[in-house]
Amino acid sequence: MASCGRLELCIYLAIELLRINEFALIAAIADVLDAIASDRPYRKALPVTIAMEKMMEWDQKDFRPAYFCPMYGHLSVRYSS
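Counting starts from 1 at the beginning of each chain's written sequence and moves along it residue by residue. It should be noted that, the model being predicted, local features are given only for residues of pLDDT at least 70 and side-chain atom pairs only at 80 or more, the latter also being counted only at that level, while totals for whole chains, interfaces and linings use all residues. As a convention, hydrogens and water are excluded, and side-chain values are obtained from all of the structure's heavy atoms.

Caption draft 1: Focus on the overall build of the chain. For the chain, the count of helices and strands is four helices and zero strands. For every residue, the accessible area (1.4 Å probe, protein chains only) is compared with the maximum for its type, and the residue is labelled buried under 20%, exposed over 50%, or partly exposed between those bounds. Residue burial in the chain is summarised as follows: out of 81 residues, 15% are buried. Here, two residues are considered to be in contact whenever any of their heavy atoms come within 4.5 Å of each other. When contacts within the chain are restricted to residue pairs at least 6 apart in sequence, long-range pairs at least 24 apart make up 38% of them. Where accessible areas are quoted, they stem from the Shrake-Rupley method and a 1.4 Å probe; at the residue level, only the protein chains shown are allowed to cover. Surface accessibility of the chain: about 6,300 Å² in total, with carbon and sulfur atoms responsible for 63%. Put simply, DSSP H or I for four residues or longer makes a helix, DSSP E for two residues or longer makes a strand, and each gets a number counted from the N terminus.

Caption draft 2: Fine view of the packing of helix α2 (residues 22–36) against helix α4 (residues 65–79). Put simply, α2 and α4 touch, their axes get as near as 10 Å, and they point 45 degrees apart. Accordingly, the angle class assigned to the pair α2 and α4 is oblique. The interaxial crossing formed by α2 with α4 has right-handed handedness. Contact residues: α2 offers Glu22, Leu25, Ile26, Ile29, Ala30 and Leu33, while α4 offers Tyr67, Phe68, Met71 and Leu75. Polarity classes work like this: nonpolar for Ala, Val, Leu, Ile, Met, Phe, Trp, Tyr, Cys and Pro, charged for Asp, Glu, Lys and Arg, and polar for all others, with Gly in that last group. Within the contact of α2 with α4, the residues separate by chemical class into nine nonpolar, no polar and one charged. Helix axes use the C-alpha atoms of the stretch in contact, all axes being lines fitted to C-alpha atoms, and the angles between their N-to-C directions lie in the range 0 to 180 degrees. Roughly parallel covers angles under 35 degrees, roughly antiparallel covers those over 145, roughly perpendicular covers 65 to 115, and oblique covers all other angles. Left-handed describes a crossing whose near helix is turned anticlockwise from the far helix by less than a right angle; the clockwise case is right-handed.

Caption draft 3: Spotlight on the side chain of Ser38. Note that Ser38 resides in the loop between α2 and α3 (48–62). Throughout this description, a polar contact denotes any pair of N or O atoms lying within 3.5 Å of each other; where both atoms belong to protein, one of them has to be capable of donating a hydrogen while the other can accept it, and for residues adjacent in sequence the pair is counted only when both atoms sit in side chains. A distance of 2.6 Å separates a polar atom in the side chain of Ser38 from the backbone oxygen of Asp34. Beyond its immediate stretch of four places on either side in the chain, Ser38 contacts Arg43 and Ala45.

Quick look at the structure:
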């Protein structure tokens, strides 16, 4: 069993991991979109609209809606035409 001090350290580290900088959250969303919507040596890029739809499916479990939804709305308007 962990000592009290070690347990407190583990709890502190877990809390700190949950405090992800908002710029890092936005960058992570942009990075995933770039990875899906860009050509790779092993597969062709998906169109941005399809990539965003896939990301919307993953939104609730993989992205924080407060950051993803505004980006999704902006890009949907931009790429809808």
